[in-house]
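Secondary and tertiary structure notes
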Amino acid sequence: MKPDETGPNRGATVSEVAMTQAAGGLASRPFESEADYDLIRRLLVEIVARTGPPVYATIGNLDWWRVAEDDPRSIYQTQLWFDSGQLVAFAWPIEGQVDIVVHPDYPPLHNVALAWSETYFAAHAAEGAVAPWVAWAFTGDVARISALSARGYRRTERGLVVYGQPVPDPAPQPALPDGYTIRAVQGEAEAEQRVAVQRAAFESTWMTAERHARVRHSPTYRPELDIVVVAPDGEFAAFALLWLDEANRLGVFEPLGVAPAYQRLGLGRALMAEGLRRLAEAGARVACVETGLDHHTARRLYEAAGFKLLDTDYAWTRQVEPAA
């Protein structure tokens, strides 16, 4: 359900919110309305245009992260930084970690956003508890790593690997076992089956009909990029969800899975091929996918499909004491 225009526990409009000064005259304020979601999306599109992948988030990642939260309004915890009314950075704290995105022209805001995040976490930590606070950095992000190191963070061995490749032209045709087909999910009518295959693939009850409905109502969602492999008996055997940044012609696989009963049949590879084919039809020129650093099966699949490692996004941590 779409949040209301003021967000949770807020009665003020954007114009009534006091703007706090961050650094160098930049203004900062909390996320206030769905209009701010559009501003974040524009920032992400601009960063991809400036730097190309890997990036900390695409518009598809953003939509997926929002769906992933039990409370769709958790994004209202986000802090925004502006320069002359232009959004240039944001920090979204959730469950002991923070996702920070900074425009490449504003490297000092890495430190500012980290400082704000630590204050936020300290204010919301359990009384008397000293807990680790996690932020993220690509190995190639010198400005982020410098800020983290200066603030006493240490790099862990936990991370996400980001892969990319040009979308092949022509895109490969998927190879399937006899009797199997690939097609798009037929909306709400097949939501139950779509939920079931994701639950089976990840051995988790996290995906629900309500959550998949939120996926379908996300601004980046395209029905033709929500695809499944259908077994001969009509059961969904595997699935993949793709997101397209149309302005940058960038496609993202997020997520992809195969139900245990159908593994080792080449269905994951077929989904990658079909996803690339559909991205090519939609005009994409580059495709990306990410997974956990230690998810070796997924990494082998992506590498077999032609993806090359772009960078690793490591978790950095430090202890933060709760505020008095």
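Up top is the structure.
For the structure given in this document, a descriptive report is provided here.

**Let's talk about the nonpolar core**
One finds F253 and F307 to be the most contacted residues of the largest nonpolar core, which totals 90 residues. The contacts of F253, once residues within four sequence positions are left out, are L241, L242, L271, M272, G275, L276, L279, A287, C288, V289 and F307. Core analysis: the second largest hydrophobic core is formed by eight residues, V195, Y221, L241 and W243 among them.

**As for the packing of helix α7 (residues 267–281) against helix α8 (residues 296–304)**
Look at α7 against α8: their axes get within 10 Å of each other, and the N-to-C directions meet at 45°. Accordingly, the angle class assigned to the pair α7 and α8 is oblique. In terms of crossing hand, the pair formed by α7 and α8 is right-handed. In contact with G268, R269 and M272 of α7, α8 contributes L301, Y302 and A304.

**A word on the pairing of strand β10 (residues 236–245)**
Of all ten residues in β10, ten are buried; the element is thus mostly enclosed. Taking the residues between adjacent antiparallel strands as the criterion, β10 and strand β11 (residues 250–258) are bridged by four residues, where R249 takes a positive phi near 55°.

**Side note on helix α3 (residues 109–124)**
For α3, with 16 residues, the first-to-last C-alpha span of 22 Å sits near the 22 Å given by 1.5 Å per residue. Residues L109, H110, V112, A113, L114, S117, E118, Y120, F121 and A122 constitute the buried set of α3. Of the surrounding secondary structure, the elements contacted by the buried residues of α3 are β3 (79–83), β4 (86–94), β5 (97–102), β6 (131–138), α4 (142–150) and β13 (308–320).

**With respect to the pairing of strand β12 (residues 286–292)**
Of all seven residues in β12, five are buried, a share of seventy percent or more. Examined bridge by bridge, strand β7 (residues 154–166) and β12 share seven bridges and lie antiparallel to one another. Among the inter-strand pairings, L160 is bridged to a residue of β12, identified as G292. Pairing analysis gives four bridges linking β11 to β12, with the strands arranged parallel. Directly across from F253, in β12, lies its bridge partner V289. With α7 bridging β11 and its parallel neighbour β12, the resulting β-α-β unit is right-handed.

**Concerning the packing of α3 against α4**
Helices that pack against each other are described as a pair by the angle of their axes relative to one another and the distance between those axes. As a packed pair, α3 and α4 sit with axes 8 Å apart at the nearest point and diverge in direction by 45°. Our classification of the angle between α3 and α4 gives oblique. The way α3 lies across α4 gives a crossing that is right-handed. Facing H110, N111 and L114 of α3, the residues of α4 in contact are A143, R144, A147 and L148. Broken down by class, the residue content of the contact of α3 with α4 amounts to four nonpolar, two polar and one charged.

**Here we look at the environment of A27**
Turning to its location among the elements, A27 is positioned in strand β2 (residues 27–30). Looking at A27, the relative accessible area reads 15%, which means it is buried. Taking C-alpha positions, A27 is 8.4 Å from L80, a pair spaced 53 residues apart along the chain.

**Observations regarding the side chain of D36**
Note on placement: D36 falls in helix α1 (residues 34–51). A distance of 2.7 Å separates a polar side-chain atom of D36 from the backbone nitrogen of E32. Once residues within four sequence positions are removed from consideration, D36 is found in contact with R29, P30, F31 and L80.

**A look at the pattern of salt bridges**
Applying the stated criterion across every chain, the model contains 16 salt bridges. The shortest N-O distance in the salt bridge between E157 and R155 comes to 3.8 Å. Residue classification places E157 among the exposed residues on the basis of a relative accessible area of 58%. Relative accessible area serves as the criterion here: at 37%, R155 is assigned to the partly exposed category.

Calculation criteria
Per chain, residue numbering runs from 1 following the sequence as it is written. Given that the model is predicted, a residue must reach a pLDDT of at least 70 before its local features are reported, and side-chain atom pairs must reach 80 or more before they are shown or counted; all residues, however, enter totals for whole chains, interfaces and linings. The side-chain figures draw on all heavy atoms in the structure; neither hydrogens nor water molecules are used. Each nonpolar core is a collection of buried residues, namely Ala, Val, Leu, Ile, Met, Phe, Trp, Tyr and Cys, held together in the definition by side-chain atoms within 4.5 Å. Only protein chains enter the accessibility calculation, which uses a 1.4 Å probe. A residue is then buried if its area is under 20% of the maximum for its type, exposed if over 50%, and partly exposed in between. Residue contacts are defined here by distance: any two heavy atoms, one from each residue, within 4.5 Å place the two residues in contact. Between the N-to-C directions of two axes lies an angle of 0 to 180 degrees, each axis being a line fitted to C-alpha atoms and, for a helix, fitted only over the stretch in contact. Elements are defined by DSSP. Helices are runs of H or I of four residues or more, strands are runs of E of two residues or more, and each kind is numbered from the N terminus. Oblique is the label for any angle not covered by the other classes, which are roughly parallel (under 35 degrees), roughly antiparallel (over 145) and roughly perpendicular (65 to 115). The handedness criterion is simple: a crossing whose near helix is rotated anticlockwise from the far helix by less than a right angle is left-handed, and one whose near helix is rotated clockwise is right-handed. Paired strands, in this sense, are two strands between which DSSP finds at least two bridges. The span one expects for a helix is its residue count, reduced by one, times 1.5 Å. Look down the strands so they point away from you; if going from the first strand over the helix to the second traces a clockwise path, that crossover is right-handed. Under the grouping applied here, Gly and all other residues not named as nonpolar or charged are polar, the nonpolar ones being Ala, Val, Leu, Ile, Met, Phe, Trp, Tyr, Cys and Pro and the charged ones Asp, Glu, Lys and Arg. Distance and chemistry together define a polar contact, namely a pair of N or O atoms within 3.5 Å, with one atom able to donate a hydrogen and the other to accept it when in protein, and with adjacent residues in sequence counting only for side-chain atoms on both sides. Within this document, salt bridges are pairs made up of a side-chain nitrogen of Lys or Arg and a carboxyl oxygen of Asp or Glu, the two lying within 4 Å of each other.

Bear in mind that shape data such as this cannot, by itself, settle questions of function.
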